[in-house]
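Report on the structure
Now for the letters of each chain:
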Amino acid sequence: MAVDELQAIIQRCQILEEADFKGEDFNLFQVAGQKCLEDGYAAQLLEVIQNEKNKVIIKNMGWNLISPLVRCIFMYKQDDDKREHCLRILDQLAQLCNPKELFLGLLEQIEQTSGEQVCPTVMLLLQPLQTVLLKLQNKKAYSVGLSLAMIMNQLTPLPVPYTKQQIQEDKLGLCQCCNAVVDFAKPFVNEVVKNMEKSSEYNDMELKEELIKFCMKSLKYPLLTAQLEQLEGIEEHPFRRFAAEIIDILWGIGELIPLMFVHHKDKSLHWEDQEFADMERKSSADSLACLSYLILVQHFGVECFPVVFSPSYLLLCNMTHIEVLLKRTEESVLSKGLDLFESCLLRMEDNSLLHHYLEFRDFINVPEDLVKVMTLCPMEHMRKKSLNILQLFIDKFDTEGKYTLFRCLLKTSNHAGVEGYVIKNIKDQIHLASTKEYDNIWFTGHHLISLLDLVLSLPEGAETDLLQNSDRIMASLNLLRYLVIKDCDSDNQTGVWTTLGKIEQNFLKPLRVGLNMSKAHYEAEIKNKKENRKEAQSSNTVCSLTVSGEKMPPMTTGMQLQVLHSALFTFDLIESVLARVEELIEVKTKAVMDEN
C-alpha cells in the first residue's frame, strides 16, 4: 500500500541526520509520495507533512512532490475533497521546504507547462512562489526577476482577447492571470518604495530594475495588443485594471516620468550579438510607445503627469512612439498609433507648429507612414481616420511648414489620390494667401511658382498613365482653373501668368497629346471587344484584362466593356476641364492684348 511505503521511508529517514540523506532516499520519498497522490491518499500524505517529527524530511525532500501534486490538483474537480487536500499540501510545502529548492521546483513546473494549462498553472503556483521569494535572503532581486520573466515568457505566446465577448469569456484565463501576476509583484514593489522613502539615495537598484523590466514586458504584452477602450456591460475591464496597476508600479518606484521623456540608450542591455541588441531596442520602443498611449490617450496616471510641457514638445517627444505604432499592421496596435497622434495634435492650436520641426526626421517619416495607412490598410475606418489625422497635422503647421510638408508629400507619396488631396490643400492655402487679412509669402510669387512646377506637370510627359493619375490631374486642372479665374493678368499676384508658357509646355500640351492617345487606344480596344463578342459563341466568355498596368480579375466581355467605357468617361471628364482651362487662358490673354 502506498501509505505504508511512505511511512516506512519516513521512519527510516527520521533516525538520520540531515547531512546523511542520500539520493536514494530522495527518490524513494518522491515515488512513494507520488503514489499516495495518484491513489487518492492525499489526506494521509497531508498528515505526514504536518507531523512535526517529519519537519526536517519535508524541508529537504518535499519540493520533489510539486510536479505530481500539480497534476493531481488539475485532475480532481473543484468540489472534490481530495483537491482541497492537495491545495493544503501545496501551502504546507511553501511554508516548510527549503526556499531555494522549492523556488527552482516551482519555476520548473511553470516552465514545463504549455497551451491551455499555462494560466491555470501560473495562477495555482503564484501564491507559493511569492511565499518562497519573500523568505529568500540571497539573490532575492535576481530570483524575483527570473520568476517574473519566466511567467511573462510563458504567457506571451497566448492570444490576447480583443472583442468584448472574448474578454468576457477569457477562454484561456489570460485576463485573470495578468492581474494575479500584478498582485504577486506587489510585496516587492512595496519593498522598493519603502526603501526609497527611508533614503533619498536608494542605491540597491537590482530589485527596482527587475520590476522595470517586468513593467516594460507587460506594456508590450498584453497591453500593446489589448483592447483598452471602456466596454459597455463590463464593469471592471481586466486589461484596464492591469494597465492601471502597471502605471501605479512605475509611478511608485519613480520611473513613470523618466520613461516618458528620457531616451534610455544607456539602460539597454549591451549584447555582443547585434541581432539581440536590435531585438532589445525594438522591444523597448514598443513598450515606451504603449506607455505614452496609456497616459496621453487613456489617461492612466494622468494625475501624476506634469502640466508644464507645451503641446509642441509633447508632440516632439511622441513622434518616435507614433512612428513605431504606425509601422505595425495589426489593427489593435495601428489604432493606438492613430489615437496617440490625434491626441497630441488636438492639444495644439492651428498654425502654431513651427516649420523648424520638419527638420526632425520623425516629422517626415510619420506622415509618410500615415500615407501608407491611407492607401494600403485593408480596413476602411482606419483609412478614413488616417486621412483626417493627416489634415489635422497639416492644419497645425505655420504657412512655411505647410509649404515644406506639401513639397515632401508630393515627392514621396507615390499615390495619385494622395497627391490630388495635397493639391486641393495647396489651392486652399493660395485662397487664404489672396485675402488681405491673411498675408503670407509662401503661397504667392516665386515660392508658389516653385511649388506649381511640382504640381502642374506629368510624371512621364504625354506617355503618363492618365487613368492611374486621374485624381492628381483633375486636382491640378482645378487648381489651374482657380488661378486663372482668380488672378488677373494685370495683377499677377500668384505669378501664374509669368510662368504660363512653362505650364503650357510641361503640362497642358502633353496632357492634350496624352488624352488623344489614351482615348484612341481605349476606343480601339472597345471596338475589338465588340467584334470579338460577335464572333464568340456567348457573350459570357471569360477573358483577362489589364488596366493601368494591373491585371484585373477574370471578367466577361460585357464587364470588360463597362470598365473600358468607364475609363473613357474619365478621359472625357479630364478633357472637359482641360478645355475650360484653355478657354479661360485664351479669353484672358485676348482681353489683355485688346487693352494693350
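For the structure, check the block above.
Residues numbered from 1 in each chain as written. Predicted model: local features only at pLDDT ≥ 70, side-chain atom pairs only at ≥ 80, totals over all residues. Heavy atoms only, no water.

Quick word on the packing of helix 3 (residues 42-50) against helix 6 (residues 81-96)
Let me state the cut-off plainly: Axis definition: a line fitted to C-alpha atoms, over the contacting stretch in the case of helices. Angles run 0 to 180 degrees between N-to-C directions. Every helix listed is a DSSP run of H or I at least four residues long, and every strand listed is a run of E at least two residues long, numbered separately from the N terminus. Reported orientations rely on four angle classes, namely roughly parallel under 35 degrees, roughly antiparallel over 145, roughly perpendicular from 65 to 115, and oblique for the rest. Working rule for handedness: look at the near helix, and if it is turned counterclockwise from the far one by less than a right angle, call the crossing left-handed; if clockwise, right-handed. The contact criterion used is simple: two residues touch if any of their non-hydrogen atoms lie within 4.5 Å. Three classes are used, and their members are as follows: Ala, Val, Leu, Ile, Met, Phe, Trp, Tyr, Cys and Pro are nonpolar, Asp, Glu, Lys and Arg are charged, and the others, Gly among them, are polar.
Here helix 3 crosses helix 6 at 20°, and the two axes come no closer than 9 Å. As summarised for this structure, helix 3 and helix 6 are arranged roughly parallel, according to the angle between their axes. Here helix 3 runs over helix 6; the crossing is left-handed. Together, Ala-42, Ala-43, Leu-45, Leu-46, Ile-49 and Gln-50 of helix 3 and Lys-82, His-85, Cys-86, Arg-88, Ile-89, Gln-92, Leu-93 and Leu-96 of helix 6 make up the contact between the two elements. Residues that form the contact of helix 3 with helix 6 fall into these classes: nine nonpolar, three polar and two charged.

Observations concerning the nonpolar core
Here is the rule: As used in this record, nonpolar core signifies buried Ala, Val, Leu, Ile, Met, Phe, Trp, Tyr and Cys residues forming a set joined through side-chain atoms within 4.5 Å. Buried means the residue's accessible area, taken with a 1.4 Å probe over protein chains only, is under 20% of the maximum for its type, while exposed means over 50%, and partly exposed covers the values in between.
Formed by 190 residues in total, the largest nonpolar core has its most connected members in Leu-155, Phe-214, Leu-294, Phe-341, Leu-477 and Leu-511. The residues touching Leu-294, leaving out its near neighbours within four places in the chain, are Leu-219, Leu-223, Leu-228, Ala-243, Ile-247, His-299 and Phe-300.

Re the packing of aromatic side chains
Centre distance and the angle of the planes are the two values used to describe a pair of aromatic rings. This is how it is decided: We call Phe, Tyr and Trp rings a pair once their centres come within 6.5 Å, taking the six-membered ring for Trp, and we label the pair stacked below 30 degrees between planes, edge-to-face above 60, and tilted otherwise.
Tallying each qualifying case throughout the model produces 16 aromatic pairs. Measuring from centroid to centroid gives 5.1 Å for Phe-393 and Phe-397, while their planes differ by 85°, and the two rings are edge-to-face. Side by side, Phe-393 and Phe-397 carry an identical accessibility label, which is buried. Put simply, the rings of Phe-341, Tyr-357, Phe-360, Phe-363, Phe-393 and Phe-397 pair up and form one aromatic cluster.

Considerations on the pattern of salt bridges
Just so we agree on the cut-off: Salt bridges, as used here, are contacts in which a Lys or Arg side-chain nitrogen is within 4 Å of a carboxyl oxygen on Asp or Glu.
In total, this model carries 26 salt bridges according to the counting rule given. Across the pair Arg-71 and Glu-38 runs a salt bridge whose closest N-O atoms are separated by 3.9 Å. One end of the pair, Arg-71, is in helix 5 (residues 66-75); the other, Glu-38, is in helix 2 (residues 23-38), with 33 residues separating them in the sequence. Classification of Glu-38 as partly exposed rests on a relative accessible area of 42%. Two residues, Asp-286 and Lys-220, come together in a salt bridge whose shortest N-O distance is 3.8 Å.

By themselves these figures say nothing about function.
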